[in-house]
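Analysis of the macromolecular model
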Amino acid sequence: MNTHPPYWNQAGKTFFGLRAKLLVPILCIVLLTLFASGFAVVRIANDALIASGREKIASSTVIVGNSVLAQINRARTDIQFTYRIPSITATVDPDETFVYTNRTEYIDFVSNLLRDLGEACGYYETFYTVSASGMTLASSMPSTIGKLDISDRPWFHEAMETGRLTLSRPFRSRITGEALMAVAQRFTHEGRQGLMVGSLQIRKLTLPALVQENDTHQQAVVVTADGMIAASIRDEEIGVYSYGDKDWFRTMIRQSLNYHEFDEGGVAKTASLRRLGDTSLYALVITDKIYLTGPVRVVERIAFIAVLAALVLSVLGIFAVVGPVTRDIHRLAVYAAKVGSGQAAEPVSFSRRDAVWFVAVAREKMVRSLPRPHPVPGQATRGPRGLL
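**Details of a nonpolar patch on the surface**
A contiguous nonpolar patch, built from Phe304, Ile305, Leu308, Val312, Leu313 and Leu316 and spanning about 640 Å² of accessible area, is present on the exposed surface. Here Leu313 shows up in helix 7 (residues 289–340). Among the residues examined, Leu313 registers a relative accessible area of 59% and is labelled exposed.

**Things to note about the packing of aromatic side chains**
As enumerated under the stated definition, the model contains nine aromatic pairs in all. Taking 4.6 Å as the distance between ring centres and 45° as the angle between the ring planes, the aromatic pair formed by Tyr124 and Phe127 counts as tilted. One aromatic cluster is present, built from ring pairs that chain together Tyr243, Trp248, Phe249 and Phe262.

**Some words on the confidence of the model for the protein**
Considering every residue of the protein, the mean pLDDT works out to 80; 72% of them sit at 70 or more. Mean pLDDT across the elements of the protein ranges from a minimum in helix 8 (residues 355–369), with 62, to a maximum in strand 2 (residues 136–139), with 96. Low pLDDT, under 50, characterises residues 380–388; the predicted model gives this stretch 20 contacts beyond four residues in sequence or across chains.

**Remarks on helix 6 (residues 247–255)**
Considered for burial, the residues of helix 6 that qualify are Trp248, Phe249, Thr251 and Met252. The arc that holds every buried residue of helix 6, seen down its axis, measures 160°, which confines them to one face. Turned more than 90 degrees away from the buried face of helix 6 sit Asp247 and Arg254, all of them exposed. Against strand 7 (218–224), strand 9 (259–264), strand 10 (267–275) and strand 11 (281–288) lie the buried residues of helix 6. One or two steps after helix 6, the chain reaches Ser256, where phi turns positive at roughly 55°.

Reading the values: rules and limits
Think of each chain on its own: its residues are numbered from 1, step by step along the sequence as written. Only residues with pLDDT of 70 or above have their local features reported here, since the model is predicted, and side-chain atom pairs are shown and tallied only from 80 upward, although totals for entire chains, interfaces and linings are computed over all residues. Side-chain measures were taken over the full set of non-hydrogen atoms in the model, leaving aside hydrogen atoms and water. Patch definition: residues with relative accessible area over 30% and no salt bridge; like charges joined within 9 Å; nonpolar side chains (Val, Leu, Ile, Met, Phe, Trp, Tyr) joined within 5 Å. Reported accessibility uses the Shrake-Rupley method at a 1.4 Å probe radius. Residues are deemed covered only where the shown protein chains occlude them. Each reported salt bridge corresponds to a side-chain nitrogen of Lys or Arg within 4 Å of a carboxyl oxygen of Asp or Glu. Put simply, DSSP marks the helices as runs of H or I at least four residues long and the strands as runs of E at least two long, and each gets a number from the N terminus on. A simple rule labels every residue: compare its accessible area, found with a 1.4 Å probe on the protein chains alone, to the largest value its type can have, and call it buried under 20%, exposed over 50%, or partly exposed in between. Side-chain rings of Phe, Tyr and Trp (the six-membered ring for Trp) are treated as a pair once their centres are within 6.5 Å; stacked means planes under 30 degrees apart, edge-to-face means over 60, and tilted covers the remaining angles. By definition, pLDDT measures how confident the predictor is in each residue, and it falls between 0 and 100. Contacts between residues were defined by any pair of non-hydrogen atoms, one from each residue, lying within 4.5 Å. The arc under discussion is defined with respect to the helix axis, by the directions toward the C-beta atoms.

So, in structure tokens, the structure goes:
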């Protein structure tokens with residue numbers, strides 16, 4: 001049973017209605033502002049991280065490419081220097097003994113010289129000369145002399161036919177099984193042609209650069225244009241056609257793209273490709289895209305916590321400001337309801353000096369200026385109407 005007088009319910013409804021009208025729009029504006037700003041921060045962070053990730057991948061590709069290309073160019077210089085040494089090029093003449101008494105001593109001398117040159121460079125398996133037919137004449141690995149025939153190697157015929165300094169595709173050594181690339185240069189001695197060859201150890205040549213740019217989320221390799229891995233930190237991958245059947249790889253090669261995003265097995269990835277100078281090799285770096293945008297998750301969590309904290313503080317601040325106003329308005333409403341029903345009511349006093357205070361003062365003056373009602377026998381006392 002409701003024991004409150006009628007003016008209580010009326011004033012109470014007015015009080016809660018006013019509070020809702022004041023608080024709800026303000027809270028909605030605060031919420032929209034906070035969530036919009038939080039979304040904007042996350043979006044900007046995501047775009048910035050992706051841009052930074054692209055730069056990082058491109059930088060990794062440049063580091064790998066330049067490092068490997070520098071070693072290849074150094075090997076080219078080694079070959080170009082070596083094939084001009086007369087005592088070495090003279091090995092193509094089967095009767096040449098140079099300053100030695102017999103052919104065996106002369107070949108031993110040249111082989112030792114080739115061994116010293118190869119060891120000084122540090123990344124050759126063998127350093128050797130071959131005849132026009134492909135048979136080894138002198139070598140830093142003496143056991144191959146007169147036994148190792150490379151006439152079945154495509155790069156041998158390319159070097160002999162073109163006369164240009166030739167860099168081969170990766171192949172496996174018939175002696176050690178190690179992954180190698182040959183650098184070869186044709187030379188001529190007294191009308192006879194031969195080939196100066198250095199068998200580069202791919203692992204030694206590329207490992208420092210590749211190790212630096214490989215981790216659990218990123219793979220850096222050197223590949224050929226048809227997708228064969230020429231260099232990798234995993235030796236078993238060298239010579240494997242891992243990318244030749246990949247649409248994204250063929251697209252990058254065909255369109256000469258330096259950067260490409262693709263999906264592989266449901267995982268978003270980013271790849272960067274860079275050709276190594278005038279060679280047919282490419283530095284390839286592949287990264288999981290989530291690795292690039294991973295910090296955004298942290299930003300999202302921080303933004304959510306910040307929005308939540310700002311929301312709580314906003315609600316407390318709004319209640320701290322709006323609460324006293326609505327409370328005083330409610331007191332005015334109760335006072336007006338009592339006066340309107342003809343009941344005695346104490347004037348409402350406020351410590352504040354704002355619009356609500358002016359309304360209270362004006363209302364009090366108005367109430368005092370009204371004539372006192374005279375009760376009529378048999379009827380209920382009627383107070384002033386329409387004050388609210």
